[in-house]
Amino acid sequence: MEEHTIVVDGDVIAGNHSDIKYGIIANSIILGERVSLSGDLISTGDTRIDIWSQIGGNVKTDKNAYIGEFVTIEGKLVVKSDLDIGNDVKINGGFEAKGWIVVRNPIPVIVYLFLYISELLRLGKDEEVEKALEDLFEDDVESIGLNSMIIPNGSKISMDSMKVPSNAIIGNKCRLVGNIRATSLEMANDTTLYGSIRTIQDVKLGTDNVIHGNIISRGNVYIASGTHVLGEINSQSITIHESARVDGVMRAPGGIIFERDEDAGLSDNELMQLDI
């Protein structure tokens, strides 16, 4: 996360009614219905923007673009391949397209899949339906990839906070800015967060992470080796590796357990003896 832009080494999928106070640079980008994006949208692959979405900057794609009805683009639209565009689209900065331009409302992906599968079921081709679903999920796994960013419906991402209505999962080597508010959080390794964490359920932090803020959770907190929390921790219980570091106070009515590398094979009763 840069000052005004989220940069993803992969694809981005933003759910319906999401509010993103950044621009996005990624491979392929899919925005759902009524998504608000404050900055530029730049992709090296295809770009799909569903109906009633608003883009506060430019939209540039190296491949195809699919723009739904009633979309508003405050900047310029640049498409290096084909453009499918719906009715009543407002592009205040003008547009360029080097391929075919078709004025029609691009059918949403989920509607197309529903119609396709419904027709196969009507024809009694159950085996083909099963194969189509398997191919669909296999393609999704390959196309989305591990480095992608998936934003749930109704999420809000701003300079100050990242609020998601469900669980937050963060991968390796990310740089994030803002306070995270989620149901639960899982963070992999080598990630830096410039903000605090607040969850209802558990927080699990991998190795060598740096958290520039507090951790507050109604559930349990697990902190792996090498992770550094610059603030306080308040949770039901805390399990922390001996090589991790917490600068602030740790409060846990359920107890605090310090783990060592050799503790991996200990039983629960033996680990409880380390409880302070």
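Quick caveat: nothing in here was measured; it's all calculated off a predicted structure.

Caption draft 1: Layout of the overall build of the protein chain. Counting its regular elements, the protein chain contains 3 helices and 36 strands. Expressed as a percentage of the 276 residues in the protein chain, the buried residues total 39%. In the protein chain, the share of contacts with a sequence separation of at least 24, taken over all contacts with a separation of at least 6, comes to 11%. Entry remark: accessible area of the protein chain is about 15,100 Å², with carbon and sulfur atoms responsible for 50%.

Caption draft 2: A look at the sheet that holds strand 17 (residues 101–103). Taken in spatial order, the 7 strands of this open sheet run 17-14-11-8-5-2-18, and their pairing is parallel. Two strands in the sheet have a free side with no partner beyond their single neighbour: strand 17 and strand 18 (149–151). Neighbour-to-neighbour, the strand axes of this sheet turn through a mean angle of 5 degrees, independent of strand direction. Examined bridge by bridge, strand 5 (residues 29–31) and strand 8 (residues 47–49) share 3 bridges and lie parallel to one another. Counterpart to I30 in the pairing with strand 8 is R48.

Caption draft 3: Expanded view of the sheet that holds strand 13 (residues 77–79). Here we have 6 strands laid out as an open sheet, ordered 1-4-7-10-13-16, and parallel in their pairing. Taken across any chain shown, the strands that pair with only one partner, and hence form the sheet edges, are strand 1 (5–7) and strand 16 (95–97). Shown here is a sheet whose adjacent strand axes are inclined to one another by a mean of 5 degrees, direction ignored.

Caption draft 4: Seen up close, the pattern of salt bridges. On inspection of all chains with the given rule, the structure shows 6 salt bridges. The residue K21 makes a salt bridge to D19 at a minimum N-O spacing of 3.6 Å. For K21, a relative accessible area of 39% gives the class partly exposed. Since its relative accessible area comes to 22%, D19 is described here as partly exposed. Put simply, E232 and R251 hold a salt bridge, and the shortest N to O gap is 3.1 Å.

Criteria and thresholds
Residues numbered from 1 in each chain as written. Predicted model: local features only at pLDDT ≥ 70, side-chain atom pairs only at ≥ 80, totals over all residues. Heavy atoms only, no water. Helix = DSSP H or I, 4+ residues; strand = E, 2+ residues; numbered from the N terminus. Buried < 20%, exposed > 50% of the residue type's maximum accessible area, 1.4 Å probe, protein only. Contact = heavy atoms within 4.5 Å. Areas by Shrake-Rupley, 256 points an atom, 1.4 Å probe, with all protein chains shown as cover. Pairing = 2+ DSSP bridges. Axes fitted to C-alpha atoms, helices over the stretch in contact; angles between N-to-C directions. Salt bridge = Lys/Arg side-chain N within 4 Å of Asp/Glu carboxyl O.

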